[in-house]
Amino acid sequence: MLAETKLVDQHMNQPGQKQNSEDQCIARSVANALAEDPSLEAVTINRARRTISVATLGKVDDAKISARIANSIEQAQAAPEPYPCALLSGTGDCQACGTPLSADEQRRISIRQEGDETTIARVTCPTAPKFWRWRVIPLPKVVQRDVEFLEHDDHGDEWKMQLLAALVCGGVGLAGFLFHKSNPSLAQGCYLLAYLAGAWFTVEEVWERLQQGAIDVHFLMLAVAAGGAAIGAWAEGATLLFLFSLSGALEHYALGRTQKEIRSLFHDAPKFAIVLNEKGQELEVAVEQLCPGMRLLIKPGAQFPVDAEILKGKTASDESNLTGEATPVDKGVGDNVLAGTINLWGAVEVTVLRPVQESALEKIIHLIKEAQQQKAPAQQFTDKFGSIYTYSVLAASLAMFFVWWLGFKLPAFTAAETSHTAFYRTMTLLVVASPCALVLSIPSAILAAIAWSARHGILFRGGAAVEKLADATIVALDKTGTLTTGELRVERVESFPPGREEEVAQLACSLEKLSTHPLARAIVRYGKQQQISLLEFDQFESLTGQGLQGRRGADLCRLGKRDWIFKPEDPAIASMPVSQAGVSEVWVVSPNLRGRILLRDDIRPQAKAVLERLRQEGLKTVVLTGDRQAAAEHLKTHLHLDEIRAELKPEQKVAAIRELSKDGNKVVMIGDGVNDAPSLAAAHIGVAMGARGADAALEQADIVLMHDRLENFHAAYCLSRRARRVIRQNLFISLATVVVLVTFALLGRIPLTLGVVGHEGSTVIVVMNSLRLLFGRQPKA
């Protein structure tokens, strides 16, 4: 039995993993499979068709055998240089990989190469292949026409050549129509040239699809054009190819413009960086070789190659390509800088925080690519509906041919008037019923929305987020880093009794250096600015929602909230002063030390205006914070919030999200920290604040607001509503056009030329309507 499986293009190994050279050998993998499974007889690899054929004898588990062989080929494809599998690439025999087959293996299997095929078979009697059973290869499947995501610049200007070919097709086609009566021979030549120009790019796409074992609407259009030529309707066929190629050129232009907007966000990343060694000497090192802790010198005008922290010097950073913020951001000692941003005027020394592969820029690029490939719920529905619809159109067109021919007694193929034949009407029906505009109506709008948002500092993680955000009814927000700037500053250090403030600051900075909470970042930055020496701990533990604790010898040191540090029955708590509203406090205690750090986190200047806009949109605003009730009340009074819930642990935030989601409410959660990640996952839509947000929050978020700009959430919400309106408009245009044209086609009241104009015109209108999202203005908060 022959089971045929597509070769896999993705490498099985992950970067950095090593693979045993013997596992990279296809022949050895197949030999092992032959030895373990007596029902497996042979494997044929066709490099041109990218298929694997598995021959078996007797009753077997086809799926299991096919999966095993495909896995072996996948491993061989993942073989790193210099030993790719020669059998797979067709560059040599089995000795090329450096691990030749043993004598025993060579006795058990035979390897035969014929053109693009390599067959590895069990050594057996010559008559055995006659008893092998084969499975019939399935017919090509119909696939949806989809938006092409152009990741590289190579095809960015392809639309120009497509437009040129379309214009040539239209020009010579028109000439053929004008010379049709006066010079039939010249007209025929013009039509042939029009067919060649109009079908040039379409034939290429159809051939690529057929090699993948699939057909789509391009194939149908070529078939109709060929059918027109077969019955002498050259003018109609040329018109079809002209409009179809013109539509394709305009679609490529529109989608290419969208991709160009995305690519323009990122300048060419630097390939090398200047590393300072222990002696202060400058060394040029490839960016890929940079490791955390290395010291770099960044000169004015240069890009920061990795995420880093400034050790020496002052400057300003242009972060517009990452955040959409045109205003330069001042940077000093202790501040973080992001890969891909530009150092404007000062020479600074920085220390590498993480490898280039883990930088904020790489995260953003990954998010954008991921967003382009994830489909919105409406698009998933149209994809399923589109497949059924396409098969239905093919079946209905074939059925109507026989109805017109046998039922209405129209000539089958030839008649005095070509438009009166059953075949002509069938072609017209096939063209007008094709779902081109339908399948492009949603992905073109989603892609344009993603491109616009990325250019304005908003990252949607897929089409589902673009569509679902418009359904929001409640917006829940974290306090620190969301409604406040998150740039906390140490206002005062206190010890009880007074006089040991330096020791309190030293202990706090030493504990907080291992945390990523906004409070921790502020305290660590204060310690660097004050040049405080740090203590080492034998043990360290982070208690989410409570604080930190570490052990130095026998001493247990703790840092965290007041109610965690002091037990209710502790008499000392009554004598501890309460901080004023709007000020955060972090308590530090050890066996012989007690004190606190007071930090102030200013409310974002735009927060009040943004929340007012959200209320005007009909959204309810709720704050979920772990901060004290007094601080939350101060926030409610200042920002006129609808509801606040204070002193919440992470699990209590999740419970609050679920409670708010009752009665059909769609809750959006906006946060930035690790403790917000569970509630982001529980919400209808999770929104993370900025590329500086915790990795856990970014992983759970559906939307990322760059540069911690809260006003971008209102822009994202407005964009989502606009995108939903555009999608509905596109669906109405595409479906209404099909209904009208199909009705006239069934009645025989529409010529093929007009059907082509209506069909391709609706497709262009849908794509151009989606393109409006790309040039929309950002609403002001």
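Source: prediction; values computed, not measured.

*Asks:* Give me the side chain of Glu760: which residues, what numbers.
*Replies:* Along the chain, the position of Glu760 falls in helix H25 (residues 752–771). Judged by relative accessible area, Glu760 falls into the buried class, the value being 2%. Engagement of the side chain of Glu760 in a polar contact is seen with the side chain of His759, the distance being 2.8 Å. Non-local contacts of Glu760, meaning those with residues more than four positions away in its chain, are made with Met221, Leu243, Phe244 and Ser247.

*Asks:* Help me get a handle on the pattern of salt bridges, residues and values and all.
*Replies:* Taken as a whole and assessed by the stated rule, the structure comprises 20 salt bridges. The shortest N-O distance in the salt bridge between Lys312 and Glu349 comes to 3.8 Å. Taken together, the residues Lys312 in strand E11 (residues 308–312) and Glu349 in strand E16 (residues 348–352) connect sequence positions 37 residues apart. Of the charged contacts in the structure, one is a salt bridge between Arg721 and Glu617, with a shortest N-O distance of 2.8 Å.

*Asks:* Residue-level account of the environment of Pro577, with values.
*Replies:* In this structure, Pro577 sits in the loop between helix H18 (562–565) and strand E23 (583–590). Residue classification places Pro577 among the partly exposed residues on the basis of a relative accessible area of 32%. Setting aside anything within four residues of it in sequence, one finds Pro577 in contact with Phe496, Arg562, Glu585, Trp587 and Arg596.

*Asks:* Could you give an account of empty space enclosed by the protein, with specific residues and numbers?
*Replies:* Following the criterion strictly, the structure yields 5 cavities of 30 Å³ or more and no others. Surrounding the second largest cavity, Val432, Ser434, Pro435, Cys436, Ala437, Leu438, Ser734, Thr737, Val738, Leu741, His759 and Ser762 form its lining. Those elements that place two or more of their residues in the lining of the second largest cavity are helix H13 (436–455), helix H24 (711–746) and H25. Among the elements that line the lining of the second largest cavity, the one with the most residues is H24, at 4 residues. Broken down by class, the residue content of the lining of the second largest cavity amounts to 7 nonpolar, 5 polar and no charged.

What counts and what doesn't
- Every chain is numbered on its own, with residues counted from 1 as its sequence reads.
- This being a predicted model, a pLDDT of at least 70 is required before a residue's local features are given, and a value of 80 or more before pairs of side-chain atoms are given or counted; all residues contribute to the totals for chains, interfaces and linings.
- Based on all heavy atoms of the structure, the side-chain values leave hydrogens and waters out of the count.
- Numbered from the N terminus, helices here are DSSP runs of H or I no shorter than four residues, and strands are runs of E no shorter than two.
- We call a residue buried when its accessible area falls under 20% of the maximum for its residue type, exposed when it is over 50%, and partly exposed in between, using a 1.4 Å probe and counting protein chains only.
- Pairs of N or O atoms within 3.5 Å make up the polar contacts considered here, provided that, within protein, one atom can donate a hydrogen while the other can accept it, and that residues adjacent in sequence are counted only when both atoms are side-chain atoms.
- In this analysis, two residues are considered to be in contact whenever any of their non-hydrogen atoms come within 4.5 Å of each other.
- Every case where a carboxyl oxygen of Asp or Glu lies within 4 Å of a side-chain nitrogen of Lys or Arg is listed as a salt bridge.
- Grid spacing is 1 Å over the protein atoms alone, the probe is 1.4 Å, and a cavity is where that probe fits but cannot get out, while a pocket is an open set with protein on both sides within 12 Å along at least five of seven lines and lining residues have an atom within 4 Å of a point.
- Grid points are joined across faces, edges and corners, and a volume is the space filled by probe spheres set on the points.
- Residues are grouped as follows: Ala, Val, Leu, Ile, Met, Phe, Trp, Tyr, Cys and Pro are nonpolar; Asp, Glu, Lys and Arg are charged; every other residue, Gly included, is polar.

Purely geometric numbers; function is a separate question.
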